[in-house]
Amino acid sequence: MFIITCPFCGERDQSEFSAGGEAHIVRPKQPTELSDDEWADFLFMRKNIKGVQFERWNHAHGCRKWFNVIRDTSNDKIHAVYKMGEKPPSD
Amino acid sequence: MSENFRSSETKFLDKTNRISFKYNGKKYYGYKGDTLASALLSNGVHLIGRSFKYHRPRGIMTCGSEEPNAIVQIGGSGSFTEPNVRATEQEIYEGLEASSQNCWPSVEFDVGGINNFISPVIPAGFYYKTFMWPKKLWYSLYEPAIRMSAGLGKSPTQPDPELYDHNHLHCDVLVVGGGISGILAASISADNGNNTVLIDDKNSLGGSTIFQDDENFKIDDEIPSVWLNNQIKNIKNKKNLIIKHRTSLAAYHSYNYLLARENLADHKSLDERSNKLRQRLWKIRAKKVILATGAIERPLIFNNNDRPGVMLANSVKKYIDYFGVRCGNKNVIFTNNDSAYETAISLNKKGINVTIVDIRNNSSSILVKNAKNAGIKIYWNHTVVDTKGYRRIKSIQIMKMSDDGTNVIGSKINLVCDNLSISGGWTPMVHLFTQSGGKLKFRDSDQVFLPNTAMSDQISIGSCNGDFELDDVIKNTNSECKNFLSASVTDYDSLTISCPKQKESKNIWLLPNDKPLGKTKPFLDFQNDSTAKDIKLAMREGFKSIEHVKRYTTTGMGTDQGKLANMHALGIISETAGVKMGSLGTTTFRPPYTPLTFGTIVGRNVGTFFDIIRKTPIHEWHENHKAKFENVGQWKRAWYYPKNNESMHQAVQRESKAARESAGILDASTLGKIDIKGTDASEFLNRVYTNAWSKLAIGKCRYGLMLNEDGMVYDDGVTTRLEENHYVMTTTTGGAANVLSKLEDYLQTEWPELDVWLTSVTDHYATASICGPNSKNILKKLFPKLEFNDENFPHMSFKNAELNGINCRIMRISFTGEHSYEINIESKYGKSLWENCIEAGKEFNITPYGTETMHLLRAEKGFIIVGQDTDGTMTPIDLQMEWIISKKKYDFIGKRSLYRSDTMREDRKHLVGLLTDNPREILEEGAQIVQDEKKQPIEMLGHVTSSYFSPNLNKSIALAVVKNGKKLKGQKLLVPMKDKTINVTVSDFVFFDSKNERLNA
Amino acid sequence: MLNINYPKIEKKDYPNLELNLVEPIHKLNLRGKSRDFFTKAGRILSIMLPPEPNTSATIKSISALWLSPDEWMVYGKDIEKNLMLSLDSEISKLNLGSVTDVSDQWVLINMRGKNVFEVLSKGSSFDFNQFKNNKNVVVQTLLNHVDVILHHNDINNVDLFVRKSFSEHLWLWINDSSSFL
Ligand SMILES: [Zn+2]
């Protein structure tokens, strides 16, 4: 159980959040133009890194906002939290 | 009258409070503050149990949670009994009943003891090797036999009547362990303005220093026990310090999340604890953690080192100095270090006969000098090679060791004794540190694993960090806490401490013997009966990893998790394999540190609170009308309403017929409802549903199918356009929360430019759904002002209307195929609305129906239920719902996936109808469908998703998903069941009123 | 006449804890982010919607609770139908944001007394240490696995909002937890 700092509400227990997979995968604007492989790449391919990973989380039982988290999956250390639409902190 | 072993006064017990208890049916006495172990020892009882494998007699060995042997059953029979309780931790109370475990018929005479004599044939891995073949004997022979002779205690056969609860605790600093370093740390932390919590598993603070009265130890010119006692008084008054006694840490997770069990009643008599909490599980979040968990004394590994009366030296000291109990009249102390001399001196002062056997050549410690001066005989450079005595140690044999320590030389000396106090040095308790993800390092000088790098904000102090001398403990605790808590000054900066320092040390993991190893029994894991011999056998057989050796020999796998002798096992492995211990590593320490009872783990989440219950505003009415309820997610939904002892089948048949013949009423309040507002609301619906929404007129309703991005059906429901920019969407009951979350996700992340606002109103409205040919007549009675002709209020449209001055939203929509209305009202009026409907419908025999009838009625119409007829692998095309996919829309969620090569495959599973050749035969939902039973391997074509007996069609109907089903219409297939095979024919899935004539009837 | 029915929640007293149902009471959900939305809402309600996370603003008997950067709950005994209508017509109808009546979506339970946070801590992982010293703070969290909105409107006085369908169950749990303080 880690602690996540919601960019709006502050530090909360992990139980208030739900995970939403890899971050920064943008839904293609014109899906019909894509080949099966390109669409499959968007749909299915995820990195699942052992180490520092960019993730989406939702403060499901709080403000219900989605945001991004940089987490090291090998030790659950959270390096940064930032809002949707923001660039990851350069560090 | 048995001998009284309580030999001295002690301030730690309340001598005015004499307590009687029963052990194995016999009455004994002790004092308030005694543990069961100390009370038994004071009565001269050493023999407590039988070992796990060989059933050897075993006695009390320690005074704490590391106890491997003295494990007892507490409570007589019935619900209050608890197995596997350590006698060294259980405090006695008036009326306590305890008994030995793992022995039959009694601890004194145990039939299983025969295992001891046949032990050469049960070596390591015996169970693995023996009970492999023939397999069929497992159930009939091996397993019952093993179960008879094995096992630790009896689990209660009745529900636990005790109360447990949970509580969260947030603090700046958590200090674990109430010994001297924990007390100093808590004091420093609190003084520095931190909200501090100190937890300790005993009933009082002080660890082993609180009974350290030796004159050679001084803190500011006071003996340590006196000095520490003052400190304890001092910290009790600190405002921001909470002290929790009888609280043991069970688990230390990442982010400084810790679980601790507080024992509130186990030391109280049954009368005192009625209706009170027994234990509380604290869920602790600490900003910083200070571990002061201490060290455990190591045993020494030699032949027959497990007899009752063989105890750890420091525990013997605690029994005499703290509990005033002598563990024998003639003691031998067997050691490799100076600390055991403190025990010798304590015993000697109380007039108890002591002899010392030391594997070292000498020691320059003042303690040793004092022991000599007191006239205690010391055998230097000697080791114990054997012990005698079955139920209690009677004598030992010692021999001189060769200079290199690998052999014994000379002749045996026999020493008569009734207690052998052993000390093999100290092992820091790093379990919690490693549980939290910390990495260890190995210190070669005294062969201990120590905390190295931590994953969270924490430090280890005192002996769990490898400081074993009093001055090191205090000074390092002070400096490390200062550093950790950024404190500039503390009360302990200028203490003067004097204490003996150990200079000579010697460690031999497996002591030499005059007999070959195979002829000896040097126990490592006392609880699981594994010996040094087993470890070496495992290694000869090719096991190299310590994790494998552990499992093969079961070393360290008892309830004590091998706290005592894991280090010796590692030492022997590393010596045998020629690998350095530091690089060998340790086995993984897993939570809980000490066993937890299930009651503590679940807390109050039992019975009523096992799971969340959601109720509709009309629930009470259903209850009053004897409805049976079905769990739908967390909801309790009315399932069916049996009348006059009807079976479920009978009730459902009656309800279904009534709904089609006249009128039925369903509580549909559980459907998810989302209020959608904003100038882009229509565009938003275009993107989330497969069909088009822009042209939906105000006041009209439309059914929508929502897909996942992978093209699979996710949810469905009817959405109504209330105003130009205002819709209300309904979702499935189970999908409500997920749909809202998914829609918010798209709005927040993919389409932030859309002007759309979502608000859940699921609980705001209660919904009564009235269907059947007479539904219109009932509505007319309720809403006389409303015009119900098809022009004004057609199917798939919506009206606002007042019922007794309260506004209702009425949708003319149907999930049953009947002419039907859904009336939504603010939920506080829900029950009243329902009652009004029932009243108005009386003359039309309005029949309340539950979810089962609803499922049947919609199945007759071939309407799907998402999650029952679909499972996340069905596209709308698979469901034969091509009609709902807009061809004109450029994009919607999941659209592109409908054109993937896989989703366009012709032979996917499709939704079809199934009719049994025998119309009375009802298929089982989930049953597999095949074409050819003889084919090997048999090909599974699909499965039955919904199945009912339709009273309106007077035959059995079913929905199924079948491979290539669209092309199989009219074909015969088979549904093989356990006792028969059912013949079915693939059919259309709309069984009833396929022209939808009844909707407008 | 239609009868009003609430879940079975009646006043209860425990040591240093008093539990009460506060219903019926009007509750509105407001969503929006534009300047105009804020101005309009502020003017109609005579309360500035608090922009600061986890806070509330109260004037007379009407409180506005921050729920998210674009969502507030407004509740109070004195919210009249006219006020609701003008919010709807001047915000929803003018597409400045959304105003939704959620009076029956939530049930309001008032908890007051020194033991309020003791009981809440049994079922919530939220750290109440700071919260309990501050008035006009709000938290949305889980209480015994159920979503709740907690409004600390006065020291040791908490308005707890729970969705109606969960309310009876949570009420039983609160009572159970209050019985072994
Ligand atoms: Zn948040």
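Relevant structure appears above.
Just so it is clear, the model here is predicted, and its values are computed rather than measured.

Draft legend 1. Seen up close, the sheet that holds strand E7 (residues 97–100) of chain B. All names here are of chain B. The strand order across the open sheet formed by five strands is E2-E1-E7-E5-E6, and the pairing between neighbours is mixed. Each edge of the open sheet carries a strand with a single partner, namely strand E2 (26–32) and strand E6 (82–86). When the angles between neighbouring strand axes are averaged without regard to direction, this sheet yields 40°.

Draft legend 2. Here's a closer look at helix H6 (residues 224–236) of chain B. Residue and element names in this part refer to chain B. Here H6 contains 13 residues, and its C-alpha end-to-end distance of 18 Å stays within 8% of the 18 Å for a straight helix at 1.5 Å per residue. By the burial criterion, the buried members of H6 are Pro224, Ser225, Trp227, Leu228, Gln231, Ile232 and Ile235. In a view along the axis of H6, the buried residues occupy a sector of 160°, so they form one face of it. Residues of H6 that are exposed and angled more than 90 degrees away from the buried face: Lys233 and Lys236. For H6, the elements touching its buried residues are helix H5 (180–191), strand E9 (196–199), strand E10 (218–219), strand E11 (241–244) and helix H12 (470–485).

Draft legend 3. Spotlight on the coordination of the zinc ion. Here the zinc ion is held by A:Cys6 (SG), A:Cys9 (SG), A:His59 (ND1) and A:Cys63 (SG), and the distances to it run 2.0 to 2.4 Å. Around the zinc ion, the four donor atoms sit at angles spanning 102 to 117°, and that spread fits a shape best called tetrahedral.

Draft legend 4. Focus on the interface of chain A and chain B. Each side of the interface is counted separately: chain A has 29 residues, and chain B has 24 residues. Of the roughly 2,400 Å² buried between chain A and chain B, counting both surfaces, carbon and sulfur atoms make up 47%. In this assembly, chain A and chain B are joined by five salt bridges. The partner of A:Asp13 in a salt bridge is B:Arg285, with the nearest N and O atoms 3.0 Å apart. At the junction of chain A and chain B, the tally comes to 19 residue pairs in polar contact (both at pLDDT 80 or more). Listing elements by their share of the side of chain A that touches chain B, those giving two or more residues are helix H1 (36–44) and strand E4 (52–58) of chain A. Looking at which element gives the most residues to the side of chain A that touches chain B, the answer is H1(A), with five residues. Looking at side-chain class alone, the side of chain A that touches chain B contains 14 nonpolar, five polar and 10 charged residues.

Draft legend 5. Focus on the sheet that holds strand E33 (residues 664–667) of chain B. Residue and element names in this part refer to chain B. Read from one edge to the other, the open sheet built from six strands follows the order E40-E41-E42-E39-E33-E43, with strand pairing classed as mixed. The open sheet terminates on both sides in strands that have one partner only, identified here as strand E40 (797–803) and strand E43 (847–848). With seven bridges joining them, E40 and strand E41 (residues 806–812) adopt antiparallel strand pairing. Bridge pairing links Asn800 to Arg809 in E41. This element, helix H22 (residues 775–782), spans strand E39 (765–771), E40, E41 and strand E42 (820–826) of the sheet and lies at about 35° to E42.

Draft legend 6. Main features of the environment of A:Asp13. Locating A:Asp13 in the fold gives a position in strand E2 (residues 10–13). In this structure A:Asp13 comes out as buried when scored by relative accessible area, which is 8%.

Draft legend 7. A look at the packing of aromatic side chains. All names here are of chain A. Within this structure, the stated rule accounts for 34 aromatic pairs over all chains. Between Trp39 and Phe42, the aromatic rings sit 4.9 Å apart at their centres with planes inclined by 45°, giving tilted as the arrangement. Of the two residues, Trp39 and Phe42 both sit in helix H1, three residues apart, roughly one turn of that helix. By relative accessible area, which is 0% here, Trp39 ends up buried.

Draft legend 8. Quick peek at the interface of chain B and chain C. Tallying the contact residues gives 49 residues for chain B and 46 residues for chain C. Between chain B and chain C we count seven salt bridges in total. B:Glu723 is the salt-bridge partner of C:Lys93, the closest N and O atoms lying 3.6 Å from each other. Linking chain B with chain C are 31 residue pairs in polar contact (both at pLDDT 80 or more), by the criterion used here. Of all elements in the fold, only strand E8 (163–176), strand E14 (277–291), helix H18 (619–624), strand E34 (672–677), strand E38 (757–760), E42 and helix H23 (830–841) of chain B reach the threshold of two or more residues within the side of chain B that touches chain C. With six residues, the top contributor of residues to the side of chain B that touches chain C is E8(B).

Draft legend 9. Fine view of the pattern of salt bridges. According to the stated counting rule, one finds 81 salt bridges over all chains in the structure shown. Two residues, B:Arg896 and A:Asp36, come together in a salt bridge whose shortest N-O distance is 2.8 Å. Here B:Arg896 is found in the loop between helix H24 (851–860) and strand E44 (909–916), whereas its partner A:Asp36 is found in helix H1 on a different chain. By relative accessible area, B:Arg896 is classed as buried at 7%. A salt bridge links B:Arg812 to B:Asp790, with the shortest nitrogen-to-oxygen separation between them at 2.7 Å. With B:Arg812 in strand E41 and B:Asp790 in the loop between H22 and E40, the pair connects residues that are 22 residues apart, well separated along the chain. For B:Asp790, a relative accessible area of 28% corresponds to the partly exposed category.

Calculation notes
- Residues numbered from 1 in each chain as written.
- Chains lettered and ligands numbered in written order.
- Predicted model: local features only at pLDDT ≥ 70, side-chain atom pairs only at ≥ 80, totals over all residues.
- Heavy atoms only, no water.
- Pairing = 2+ DSSP bridges.
- Helix = DSSP H or I, 4+ residues; strand = E, 2+ residues; numbered from the N terminus.
- Axes fitted to C-alpha atoms, helices over the stretch in contact; angles between N-to-C directions.
- Expected span 1.5 Å × (residues − 1).
- Buried < 20%, exposed > 50% of the residue type's maximum accessible area, 1.4 Å probe, protein only.
- Arc of directions from axis to C-beta.
- Contact = heavy atoms within 4.5 Å.
- Donors = N, O, S within 2.8 Å, 3.2 Å for Na, K, Ca; no water.
- Tetrahedral: all angles 85-135°; square planar, octahedral: opposite > 155°, others 65-115°.
- Buried area = accessible area lost by both parts, 1.4 Å probe.
- Salt bridge = Lys/Arg side-chain N within 4 Å of Asp/Glu carboxyl O.
- Polar contact = N/O pair within 3.5 Å; in protein donor to acceptor, adjacent residues only side chain to side chain.
- Nonpolar A, V, L, I, M, F, W, Y, C, P; charged D, E, K, R; others polar.
- Phe/Tyr/Trp six-rings, centres within 6.5 Å; stacked < 30°, edge-to-face > 60°.

Geometry only, nothing functional implied.
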